[in-house]
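Here's the letter readout for the chains.
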Amino acid sequence: MARPRQRSVAVLLLVISAAYFVGPGIVAGSAQSSPNIGSVVISLGQRASQSVDEPSAEQQLLDMLNAVRAQRGLRPLRMDRALQSVARAHSRDMATGGYIGHGSVSGGSFVDRLSGVVSRGLVGENVAFAVNPPTAHRALVASPLHLENMLEPRFHRVGVGVCSAGQMGVAVTQDFAE
């Protein structure tokens, strides 16, 4: 007897996070990431023909992120609209560009993207592709380096960008700053 075909859905997650100190003319890598991690790009082999911002998913991820911080006795992060704009643009670019990473297929790194909205201090970024926001959150929390960004006590602001990616699910970017 033939077995019915099962369709599997993979959760893709870039299991690296990045954090850097940004200052006037100085960018130094932190202990949790290599200096080149900010420009890493991994092709997914497919791309979404269009991508739509998902504000309710962004709020859901912010709430879950702050719940994890509260469990550890940390203050909640506040949504920063400038960081959110950068995060949304990157999630949209990943979805329509068919890649995941802290870099971009057009070049540059997350530090380059954030330099327009953050002039100094510690910045970090988490990126993920998942079937839905709760799955992305669970995967980020399960990754020690992603969790480290989420629990960094010097971070006070975050921009969460979630964009639909068709059959690939959602593209998620969390940009953190002091």
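Our subject is the structure that appears above.
Cut-offs applied
- Residues numbered from 1 in each chain as written.
- Predicted model: local features only at pLDDT ≥ 70, side-chain atom pairs only at ≥ 80, totals over all residues.
- Heavy atoms only, no water.
- Helix = DSSP H or I, 4+ residues; strand = E, 2+ residues; numbered from the N terminus.
- Contact = heavy atoms within 4.5 Å.
- Salt bridge = Lys/Arg side-chain N within 4 Å of Asp/Glu carboxyl O.
- Buried < 20%, exposed > 50% of the residue type's maximum accessible area, 1.4 Å probe, protein only.

1. A word on the environment of L114
Part 1 of the reasoning: By the secondary structure assignment, L114 is in helix 3 (residues 110-114).
Part 2 of the reasoning: Distance in space between the C-alpha atoms of L114 and A87 is 9.1 Å, their sequence separation being 27 residues.
Part 3 of the reasoning: The residues touching L114, leaving out its near neighbours within four places in the chain, are L83, V86, V123, G124 and D175.

2. Here we look at the pattern of salt bridges
Part 1 of the reasoning: Summed over the entire model, instances satisfying the criterion amount to six salt bridges.
Part 2 of the reasoning: A salt bridge links R88 to E58; the shortest N-O distance between them is 2.6 Å. A residue pair is termed long-range when its members are at least 10 positions apart, and R88 in helix 2 (residues 81-97) and E58 in helix 1 (residues 55-71) qualify at 30 residues.
Part 3 of the reasoning: Take R88: its relative accessible area is 21%, and that puts it in the partly exposed class.
Part 4 of the reasoning: With relative accessibility at 1%, the residue E58 sits in the buried group.
Part 5 of the reasoning: Measuring nitrogen to oxygen at the nearest pair gives 3.9 Å for the salt bridge that ties R78 to D80.
Part 6 of the reasoning: By relative accessible area, which is 49% here, R78 ends up partly exposed.

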